[in-house]
Amino acid sequence: MPEEAPSTAKKPPTEFDRRAFFTKIGLGSLGIAAVGTIVFSYEYLSPNVLYEPSAIVNAGKPENFALNSVTMDVNSGIYLVRADEGYFALNAVCTHLGCLTAWNQDLGIIACPCHGSKFTRTGEKIEGPAPKPLPWLKTWVSDEGDLMVDRSIDIPPLQYLRI
Amino acid sequence: MPIKADQIVERVRGSRVWRSVFRSGTGSSTLHRALAIQQNIFLHLFATKVRRRMVRFSSTWYLGTLTLGTFLILVVTGILLMLYYHPSVPQAYADMKDLQFVVSSGLFLRNLHRWSAQLMVFLVFAHMFKVFYRGAYRTPREFNWVIGVVLLVITLLLSYTGYLLPWDQLAFWAITVGSNLSSAVPLIGGKIHFLLLGGNQVNANALLRFYVLHCVVLPLAAILFIAVHFWRIRKDGGLYVQQSEPKAPAAAANPVAAKEAK
């Protein structure tokens, strides 16, 4: 109200101001509610259970792979390579924008159909636009003697699995 | 005694039922015509009077109106397509094929939706180029330009989310590539990618999320911003026309300068 305006202006700054207090309480609780809404929305929108294929792939018996062969598992998006030095697995997903690369037997290279990135058999980048080489994946032999690959664990390159 | 057509029209417009809906009443005076615009919820976004040169084809090429036209076509055909489409894996692809080969007029509606979508993106760009090169974005219309940029982003997002829905190879890899672009955002890129897809790869969750965005969230946002966009045209002084200020009086006011110029 207009009559009250001069009286509030004269008040010393230390005096307890009921209106300002309630304004602060109100805005503060709205702020807390807003932050809570953001947190709850984020929690709700991120799924806790995913029905995606397992990261661990059973590639079968190591003897099934011929020497110096590159085998692609399209469903899991990995290459299984048996080189002279041993076995290794490469992630077939292009490091550029996530397309599935393909092994070209005639040229002996891995190439991406989307934007033309090229890699050697060991995942090294020959040609962009991919920023990084194809990562090597953790491989081991299971108790049953099967070659196993964990797609979620990258290892430093040139760590061959010798059997 | 024969009754003329306009007499019937006047009688209908004067009836109690008509007046309860349209309050402007009978008559065709300037006031009545202005009230007819002002008192209609849809038309009141627009000005009651416009200059003739504002609505000439040459001033805007009707690009904004044509964009709205494609949007309306997309809303109607989109709703019809939703009646046969299930956003689930792998049903989505089969439904798309059914729409093409089994459903009566399905091929027509799907193609109409698809071509209108392409045309809308083209028209939005054409409209923006026209506005830009005409200088129509300048004061006092700068905020309407900003709303236009928001509408451009919504249009592109609608186009992008709709691209996944056929659930074919092209859609899958396009969204794989497109969603990986969001991973490039510093710090929170991975989180955005995860939230957008509802997982780590393009899958059933991603299809459902894109469907909800495409059919509910983005169209509602578009309608809201389109309404503000149109309302701002009136508030910012109508459609922009080049040389709305006559230059001749300035020369006439200063006869000496005019004479020297000759």
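Here the structure is shown first, and the text comes after it.
Residues numbered from 1 in each chain as written. Chains lettered and ligands numbered in written order. Predicted model: local features only at pLDDT ≥ 70, side-chain atom pairs only at ≥ 80, totals over all residues.

A. Layout of the pairing of strand S4 (residues 86–91) of chain A. Residue and element names in this part refer to chain A. With five of six residues buried, S4 is to be regarded as a mostly interior element. Relative to S4, strand S3 (residues 78–83) runs antiparallel, the two sharing six bridges. The residue bridging Ile78 from the neighbouring strand is Asn91, located in S4. Two successive antiparallel strands, S3 and S4, enclose a turn made up of two residues. Sheet topology places S4 next to strand S9 (residues 136–141); two bridges connect them, and they run antiparallel. Residue pairing across strands places Ala89 opposite Leu137, the latter belonging to S9. (Buried ≥ 20, exposed ≤ 12 C-beta atoms within 10 Å, placed from the backbone. Helix = DSSP H or I, 4+ residues; strand = E, 2+ residues; numbered from the N terminus. Pairing = 2+ DSSP bridges.)

B. Local environment of the sheet that holds strand S5 (residues 102–104) of chain A. Residue and element names in this part refer to chain A. The strand order S5-S6-S7-S8 describes an open sheet built from four strands, whose pairing is antiparallel. Across the chains shown, the open sheet's two edge strands, defined by having one partner strand only, are S5 and strand S8 (125–127). Sheet analysis places S5 next to strand S6 (residues 109–111), joined by three bridges and oriented antiparallel. The residue bridging Ala102 from the neighbouring strand is Ala111, located in S6.

C. Quick look at unusual backbone geometry. For the bond from A:Gly128 to A:Pro129, the omega torsion is 5°, close enough to zero to count as cis. Here A:Pro129 lies in the loop between S8 and S9. Omega for the peptide link from B:Thr139 to B:Pro140 comes to 5°, which places this bond in the cis form. Secondary-structure assignment places B:Pro140 in the loop between helix H7 (106–134) and helix H8 (142–164). Even without a glycine there, the phi angle at A:Leu158 is positive, about 65°.

D. Here's a closer look at the sheet that holds S9(A). All names here are of chain A. Taken in spatial order, the six strands make up an open sheet running S1-S10-S9-S4-S3-S2, and their pairing is antiparallel. With partners counted over all chains shown, the strands left at the sheet margins are strand S1 (56–58) and strand S2 (69–73), one partner each. Strand-to-strand, the axes of this sheet are offset by a mean angle of 30°, without reference to chain direction. (Axes fitted to C-alpha atoms, helices over the stretch in contact; angles between N-to-C directions.)

E. Layout of the interface of chain B and chain A. With 13 residues of chain B in contact, the opposing surface of chain A contributes nine residues. Those elements giving two or more residues to the side of chain B that touches chain A turn out to be helix H9 (169–182) and helix H10 (189–197) of chain B. (Contact = placed C-beta atoms within 7 Å.)

The values are spatial; any link to function lies outside them.
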